[in-house]
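Residues per chain are reported as follows:
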Amino acid sequence: MSSESKGEMKFLDHLEEFRWRLVKSLLAIIVGSAVSFGYIDQILEILLYPTKNTSSPINLQVLSVQGMFLIKWFISFISGFIIALPVLIFQFWQFVAPGLKVNEKKYAFPVVFFSFTSFMIGVSFGYFILIPFSLEFFSSISAGHVENNFSIQYYFSFLSWLLLGSGLIFQLPVVSLLLSAMGLLTPPFMRHYRRHSIVVILILSSFITPPDPVSMLIMSFPLILLYELSIGVSWMVNRNKT
C-alpha cells in the first residue's frame, strides 16, 4: 500500500472519529433536552423571576398561537445543551487527544472540570448581576404613561443571549490553559498584548450586553480579571513544563 493510500485512510479514520464524536454529542444534547422538558415549568419560573424584582412592573405577552410551545422547546434545548456541556467538552478533548503529547493529555480532567465550572460561573454572573441590572435599567426609562409590555419571545431571546454569552466569555482561562498546554501561549506574550486585549474585551462586552455603557463596563470588569487569571493559568502550565 502506498504512503498516499495510508494518508487517505488516516484522513478517513479521523473523519469517522469526528462523525461518532458528533453523534454522541448530539445524543447528549437530546437526552439533556428531554430531561429539561420534564421540568420545563420549574425552569421557566426561574428564568421569569428577574422580571418580578424591578421597580417598574414588567408584563410579558405571548403574541402568537404557538408562541409558548416554541418557547418551551427552545428553553429545553438550551438547558439540554448546558446539561450536556461536560459530555461535549469531553468528546472534543477525546477527538484532539490523539494529536497531543503524553504530558499534554494529563490536562483532560482539569480542562473538562475547569471549563464546565467557568461556564456555570459565567451563567450565574449573567443571571444574578447582568440581567437584573439590564431589566431595571431599561424598564425604568419608560415614560410614565407607557407600560412595559414585552414580548415573551423577545425576553427569552434576550435572556438566552446574555446567559450563553456570559458563559462562553468566562471560558477565557480555559482557552489559556489549552493554548498554553499546546505551547502556543506564554505569559510574556499575554502581558505584552494586555492593552490590545482590553480593547478586544470592551468590543466583546458591547456585543454581549445591551447597548448602554454601564452594562458594558459591568461585563468588562470581570473579563479583565479573567484575563489576568488567564495569565496566571498560562504561567502555571508553562512552569510545569520546565
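Residues numbered from 1 in each chain as written. Predicted model: local features only at pLDDT ≥ 70, side-chain atom pairs only at ≥ 80, totals over all residues. Heavy atoms only, no water.

What about the overall build of the protein chain?
Link 1 in the chain: A tally of regular secondary structure across the protein chain gives 11 helices and 2 strands.
Link 2 in the chain: For the protein chain, the succession of helices and strands along the chain, N to C, is α-α-β-α-α-α-α-β-α-α-α-α-α.
Link 3 in the chain: Counting over 242 residues, the protein chain shows a buried share of 39%.
Link 4 in the chain: Relative to all contacts within the protein chain whose residues are 6 or more apart in sequence, the contacts with residues 24 or more apart total 85%.
Link 5 in the chain: With an accessible surface of roughly 14400 Å², the protein chain has 72% of that area assigned to carbon and sulfur atoms. (Helix = DSSP H or I, 4+ residues; strand = E, 2+ residues; numbered from the N terminus. Buried < 20%, exposed > 50% of the residue type's maximum accessible area, 1.4 Å probe, protein only. Contact = heavy atoms within 4.5 Å. Areas by Shrake-Rupley, 256 points an atom, 1.4 Å probe, with all protein chains shown as cover.)

Thoughts on helix H2 (residues 40-48)
Link 1 in the chain: Buried within H2 are the following residues: Ile-40, Ile-43, Leu-44, Leu-47 and Leu-48. Buried residues of H2 fall within an arc of 130 degrees about the axis and therefore sit on the same side. (Arc of directions from axis to C-beta.)

Notes on the confidence of the model for the protein chain
Link 1 in the chain: This prediction gives the protein chain a mean pLDDT of 83; 88% of its residues lie at or above 70.
Link 2 in the chain: The secondary structure element of the protein chain with the lowest average pLDDT is helix H5 (residues 102-105), at 62, and the one with the highest is H2, at 94.
Link 3 in the chain: Taken together, the stretch residues 1-9 has pLDDT below 50 and engages in 1 contact with residues farther than four places along the chain or on a different chain. (pLDDT = per-residue confidence, 0-100.)

Observations regarding the layout of surface pockets
Link 1 in the chain: Counted as a void, the largest pocket has a volume near 410 Å³.
Link 2 in the chain: Lining of the largest pocket is provided by 18 residues; of these, Ile-43, Leu-47, Ser-79, Ile-82 and Leu-163 occupy positions nearest its centre.
Link 3 in the chain: Counting residues per element, the ones that place at least two in the lining of the largest pocket are H2, helix H3 (67-83), helix H6 (108-140) and helix H7 (152-169).
Link 4 in the chain: Partitioning the lining of the largest pocket into residue classes produces 14 nonpolar, 4 polar and no charged. (1 Å grid on protein atoms, 1.4 Å probe; cavity = no way out; pocket = protein on both sides within 12 Å on 5 of 7 lines; lining within 4 Å. Points joined across faces, edges and corners; volume = space filled by probe spheres on them. Nonpolar A, V, L, I, M, F, W, Y, C, P; charged D, E, K, R; others polar.)

Side note on the nonpolar core
Link 1 in the chain: Ranked by internal contacts, the top residues of the largest apolar core, which has 50 residues, are Leu-47, Ile-75, Val-111, Phe-156, Leu-159, Leu-163 and Met-219.
Link 2 in the chain: It is H6 that contributes the most residues to this core, 10 residues altogether.
Link 3 in the chain: What Ile-75 contacts, discounting residues up to four positions off in sequence, is Ile-40, Ile-43, Leu-44, Leu-47, Phe-156 and Ser-160. (Core = buried A, V, L, I, M, F, W, Y, C linked by side-chain atoms within 4.5 Å.)

Here's the deal with the environment of Glu-17
Link 1 in the chain: Note that Glu-17 resides in helix H1 (residues 3-38).
Link 2 in the chain: Assessed through its relative accessible area of 30%, Glu-17 is described here as partly exposed.
Link 3 in the chain: Along the backbone, Glu-17 and Gln-94 are 77 residues apart, and their C-alpha atoms lie at a distance of 9.6 Å.
Link 4 in the chain: For Glu-17, the contacting residues outside a window of four places in its chain are Gln-94 and Phe-95.
Link 5 in the chain: Within the structure, the side chain of Glu-17 is placed 2.8 Å from the side chain of Arg-21, a separation counted as a polar contact. (Polar contact = N/O pair within 3.5 Å; in protein donor to acceptor, adjacent residues only side chain to side chain.)

Side note on the pattern of salt bridges
Link 1 in the chain: Per the stated rule, a full pass over the model turns up 5 salt bridges.
Link 2 in the chain: Its salt-bridge partner being Arg-21, residue Glu-17 comes within 2.8 Å of it at the nearest N-O pair. Linking Glu-17 with Arg-21, this pair stays in helix H1, spanning 4 residues, or about one helical turn.
Link 3 in the chain: Residue class for Arg-21 comes out buried when judged on its relative accessible area of 16%. (Salt bridge = Lys/Arg side-chain N within 4 Å of Asp/Glu carboxyl O.)

Some thoughts on a nonpolar patch on the surface
Link 1 in the chain: A contiguous nonpolar surface patch, about 380 Å² in accessible area, is contributed by Trp-20, Val-23, Leu-27 and Ile-30.
Link 2 in the chain: Secondary-structure assignment places Ile-30 in helix H1. (Patch = residues over 30% accessible without salt bridge, like charges linked within 9 Å, V, L, I, M, F, W, Y side chains within 5 Å.)

Here's the deal with the packing of H7 against helix H10 (residues 194-208)
Link 1 in the chain: At a minimum axis distance of 10 Å, the contact between H7 and H10 shows a crossing angle of 155 degrees. In terms of orientation, H7 and H10 fall into the roughly antiparallel class. Of the residues in H10, those touching H7 at Trp-161, Leu-162, Gly-165, Ser-166 and Ile-169 are Leu-204, Phe-207 and Ile-208.
Link 2 in the chain: Residues of the contact of H7 with H10, tallied by class, amount to 6 nonpolar, 2 polar and no charged. (Axes fitted to C-alpha atoms, helices over the stretch in contact; angles between N-to-C directions. Parallel < 35°, antiparallel > 145°, perpendicular 65-115°, else oblique.)

Looking at the packing of aromatic side chains
Link 1 in the chain: Within this structure, the stated rule accounts for 9 aromatic pairs.
Link 2 in the chain: Measuring from centroid to centroid gives 6.3 Å for Phe-133 and Phe-137, while their planes differ by 15 degrees, and the two rings are stacked. Of this pair, Phe-133 and Phe-137 both sit in helix H6, separated by 4 residues, roughly a single helical turn.
Link 3 in the chain: Look at Phe-137 and you get partly exposed, because its relative accessible area is 29%.
Link 4 in the chain: Consider the rings of Phe-189 and Tyr-193, whose centres lie 4.9 Å apart with planes at 50 degrees: the pair is tilted.
Link 5 in the chain: By relative accessible area, which is 44% here, Phe-189 ends up partly exposed.
Link 6 in the chain: Every member of this aromatic cluster is reached through a ring pair, and the members are Phe-37, Phe-69 and Trp-73. (Phe/Tyr/Trp six-rings, centres within 6.5 Å; stacked < 30°, edge-to-face > 60°.)

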